[in-house]
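Fold and geometry: a report
What follows is each chain in one-letter form.
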Amino acid sequence: MKATMTNTLLASAMLLALAGCARDDEGKGPAERVGKALDQATAGVTNSVKDEIARADDAVEDARIKVGNATQEASRGLERATEKMGQSVERAGQVIQENAGKDKGDD
């Protein structure tokens, strides 16, 4: 980005130095030509910055979507793990009850 702006300024300075005082075919003097060149260079830099901002916005939106998807998947995984843990605890409780019943029968 800095290189683009530096190049733009150098190009503008060169145009100014080379412009001389003569009018061109359209009757524009050196100041008008330099002004037009600066306007065009500024427009180019502005468009480049806008493009970079748009790319950054797209990347942020993609990241936001990916984080959202990962969060949902993690939540589903946690729900499955919680359900399995509950089933295991329930089975353990049943085994304890069965063993308690057998112990009473041995008396």
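Once a new chain begins, its residue numbering starts again from 1 and follows that chain's sequence as written. With the structure being a predicted model, the display of local features is reserved for residues of pLDDT at least 70 and the display and counting of side-chain atom pairs for 80 or more, all residues being used for whole-chain, interface and lining totals. Hydrogens and water are ignored here; the side-chain numbers use all heavy atoms of the structure.

Each helix is a run of DSSP H or I of at least 4 residues and each strand a run of E of at least 2, with the numbering of both proceeding from the N terminus. For the protein, the helix and strand inventory stands at two helices and zero strands. Every one of the 107 residues in the protein was classed for burial, and the buried ones make up 7%. Accessible surface for the protein amounts to roughly 8900 Å². Of this, 59% is attributable to carbon and sulfur atoms. Only protein chains enter the accessibility calculation, which uses a 1.4 Å probe; a residue is then buried when its area is under 20% of its type maximum, exposed when over 50%, and partly exposed in between. Throughout, the Shrake-Rupley method with a 1.4 Å probe supplies accessible areas, and for residues the shown protein chains are the sole cover considered.

Glancing now at the pattern of salt bridges. The term salt bridge refers to a side-chain nitrogen of Lys or Arg lying within 4 Å of a carboxyl oxygen of Asp or Glu. Enumeration according to the criterion identifies four salt bridges in this entry. With its nearest N and O atoms 2.9 Å apart, the salt bridge here joins arginine 76 to glutamate 73. Residue arginine 76 and its partner glutamate 73 are both found in helix α2 (residues 30-106); the two are separated by three residues, about one turn of the helix. Residue classification places arginine 76 among the partly exposed positions, given a relative accessible area of 40%. For arginine 80, the salt bridge goes to glutamate 73, with nearest N and O atoms at 3.5 Å. Overall, the relative accessible area of 38% leaves glutamate 73 in the partly exposed class. Connected through shared salt-bridge partners, Glu73, Arg76 and Arg80 make up one network.

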